[in-house]
Amino acid sequence: MLSDNENPGVEISAGQSATVATSAPESTIPTVVTGEALPAAAETHDTFSGPVAVEPAAVTVAPAEPVSEPEGPAAVEHSNVSSAVESGEASTESTAEMEQLMEQYAAPHQVPAEGEIESGQVVAVTDLGVVVNLGGKTEGLIPAQEFAELDGPFPLLAGQPVEVQRTGDRKDGYVLLSYQRVRRRRIWNKIEEAYRNKTDMIGKVVDHIKGGLVVDIGVRAFLPASQADTHAVRDIDQWKDRELTVRVLKMNRKRGNVVVSRRAILDEQAQAQRQAMLDAMAEGQIVRGVVKNVTGYGAFVDLGGIDGLLHITDMSWGRVASPLDAVRPGEEVEVKILKYDREKGRISLGRKQLLPDPWVSVPERYPVGTKLTGKIMGLTDYGAFVELEPGIEGLVHVSEMSWSKRKQHPSKIVKIGDDVDVVVLGVDSNERRISLGMKQAQADPWLQLAEKYPVGTVVSGRIRNLTEFGAFLEIEEGFDGLIHVSDISWTGRVKNPAEVFKKGDAVEAKVLKIDAASRRVALGVKQVNDIWSSWFEKHKVGDLVRGKVSRVTTFGAFVEIADGIEGLCHISEIDERRPKGDKPQTAGPGPRARKGGLLDPGREYEFKIVKISPDQHKIGLSYRAAQKQAERRDMEDYRSSRSSATATIGDAIMAKRSL
């Protein structure tokens, strides 16, 4: 056999011919190698091309056994060449062609440096590996071990071009080549380019490990679970064998580490879609979306990469207690863009705006004075909201809920869900407001109060409130009457009702006046026991009465002539009338000299009734007239005593002294 460094031919100078004898090969060389080791080929000047080839023309081979002559055109050519060489009579043209061929095959070929990528062609696939023709009569072998972990069909076939890299070793006469090194090198170059340019790669999930997935993108890359999708991945086993488009986040070629992300691509796509939608979005547009999340104040709707808020007040024309009553997560809805803030990226949506507005015809359907039946939908401190129909609500103010003047919280009068009768008091379609009244749907009890409690009727109740000017007595539930301070006692000495009453006291009073228009009732306590009328029936002007001086003033003295009844004795009716210029004799200056004359407070005297005013409850008294009448009575008694047979002058004198 030929050694690796042996040249099978000798160069021939121009114009010369030579005959070179070589030793015969030890055995016949096959033309096709299948399943057998190939003979070693020369590294630089091999005479083998393909499986095995013999150099033509200038070399004569003497085989051990006779070689059959070629037939046909080849035999003629071979014969001509041989004769020309032996006789030395070859033509100039043939000699030039031969020299050109010799120079072509004898020219040294540069061997690629170790590590460079070479292109070759698959010659055969054997048990040892894949035989590759590298050109320049050089063949190499890709060991079968490089395809041991191959998953899928064999990648190389005879006649297929292939890229390889020399390892620097030889085996069985072949230059050892590496197919996987080139493949990995190409893959790493592709990964590095994708990393620099942020381009996408397609890989297949081959395994899952703690914290993520293993994706085959030519090399095993790590896909963290947080980067697998835009939302949390719960069942990671379902991702196996899936083909994914990923983006290289990190790489270390020296260590062979690659981290990829699918979420980066999805976020980028969502951002692009979101920006496209934002650019095309405008107020008033009608769009479709999916309810993404529901909160207490509304729902967020995914419009395709961007979220909009559907507020609870814009879900329906009617009252919506909870957003879940109107929409559900995952539900597809059609909404209208009400407001769009491009700078902040905020979108307000409305659903009820796609439905007819029921407020348009409210003034025609609910004129003032219309009596309706509605349902209590909400309560506040200032009133109750009544639903007249879906989307139409009115407010009943707390002052319009009852005829009673007593302030009560609306929850004390009605409850949510109650059906109530109301009357329309006012409509403002621009402000979307309807004023309603509950008490107007009922009979006015004040109009019935005059019939139920005519003037003079004695009523009973409890003191509900006290003021400086009187006390409020509750006649019945929701109806109060005022007892003025002047109507508490006939004496008129009560300055503050709190001196007589306290809250909760049971009191009887007489109805003095009812004003239904002003919703007022006047009551009196002293009128229940009217001692004046009975006293006036028993007394008249000229009668003598005995009374106690209760107090004295500069103009006279007040005299209590019965329980709760006082009369006035003017100062002119106390002292004797004197001629002009005659001054009364007094002991000296002092209160008694100025007030009441001869009358002392707390003492009882006899008075004569000189004036009676039943309407004004006034009684005029005279101490002086009572004294004169007493003197006349004594004189009459004296005169009657003188006519007596036993009467003497001394009796008359003593009787006079006693006056």
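If you're wondering where the values come from, they're calculated on a predicted model, not measured in any experiment. (Residues numbered from 1 in each chain as written. Predicted model: local features only at pLDDT ≥ 70, side-chain atom pairs only at ≥ 80, totals over all residues. Heavy atoms only, no water.)

**A closer look at the pattern of salt bridges**
If charged atoms from side chains of opposite charge come close, those side chains can pair.
Move 1: Under the counting rule described, the total for this entry stands at 21 salt bridges.
Move 2: Arg263 serves as the salt-bridge partner of Asp267, at 3.5 Å between the closest nitrogen and oxygen. You can see Asp267 and its partner Arg263 sitting in helix α4 (residues 263–280), 4 residues apart, about one turn around the helix.
Move 3: Look at Arg263 and you get partly exposed, because its relative accessible area is 31%.
Move 4: One salt-bridge network, held together by shared partners, links Glu192, Arg196 and Arg253. (Salt bridge = Lys/Arg side-chain N within 4 Å of Asp/Glu carboxyl O. Helix = DSSP H or I, 4+ residues; strand = E, 2+ residues; numbered from the N terminus. Buried < 20%, exposed > 50% of the residue type's maximum accessible area, 1.4 Å probe, protein only.)

**Topic: the nonpolar core**
Move 1: Counting 21 residues, the largest nonpolar core has Ile191, Met201, Ile217, Val219, Leu223, Val258 and Val260 as the members making the most contacts within it.
Move 2: Of all the elements in the fold, those that place two or more residues in this core are α3 (179–197), β8 (200–209), β9 (212–216), β10 (220–224), β11 (243–252) and β12 (257–261).
Move 3: Per-element accounting of this core gives the leading share, 4 residues, to α3. (Core = buried A, V, L, I, M, F, W, Y, C linked by side-chain atoms within 4.5 Å.)

**Digging into the layout of surface pockets**
Move 1: Considering only enclosed or pocket space, the second largest pocket measures out at about 680 Å³ in volume.
Move 2: As for the second largest pocket, its lining consists of 21 residues, of which Glu149, Asp151, Arg183, Asp216 and Gly218 are closest to the centre.
Move 3: When residues of the lining of the second largest pocket are traced back to their parent elements, those giving at least two are α3 and β8.
Move 4: Residues of the lining of the second largest pocket, tallied by class, amount to 9 nonpolar, 3 polar and 9 charged. (1 Å grid on protein atoms, 1.4 Å probe; cavity = no way out; pocket = protein on both sides within 12 Å on 5 of 7 lines; lining within 4 Å. Points joined across faces, edges and corners; volume = space filled by probe spheres on them. Nonpolar A, V, L, I, M, F, W, Y, C, P; charged D, E, K, R; others polar.)

**Section: helix α8 (residues 531–538)**
Move 1: What α8 keeps buried is the set Trp532, Trp535 and Phe536. Buried residues along α8 cover an arc of 100° about the axis, so they all sit on one side. Opposite the packed face of α8, turned more than 90 degrees from it, sit the exposed residues Glu537 and Lys538.
Move 2: The elements touched by buried residues of α8 are β29 (556–562), β30 (565–570), β31 (604–613) and β32 (618–622). (Arc of directions from axis to C-beta. Contact = heavy atoms within 4.5 Å.)

**What to know about the sheet that holds strand β16 (residues 332–341)**
Move 1: Within the closed barrel, the 5 strands sit side by side as β13-β14-β15-β17-β16. Their pairing is mixed. Shown here is a sheet whose adjacent strand axes are inclined to one another by a mean of 50°, direction ignored.
Move 2: Of the pairings in the sheet, the one linking strand β13 (residues 286–294) to β16 comprises 5 bridges and is antiparallel in character. Bridge pairing in β16 links Ile286 to Lys336. (Pairing = 2+ DSSP bridges. Axes fitted to C-alpha atoms, helices over the stretch in contact; angles between N-to-C directions.)

Such coordinate-based values are descriptive only and should not be taken to indicate function.
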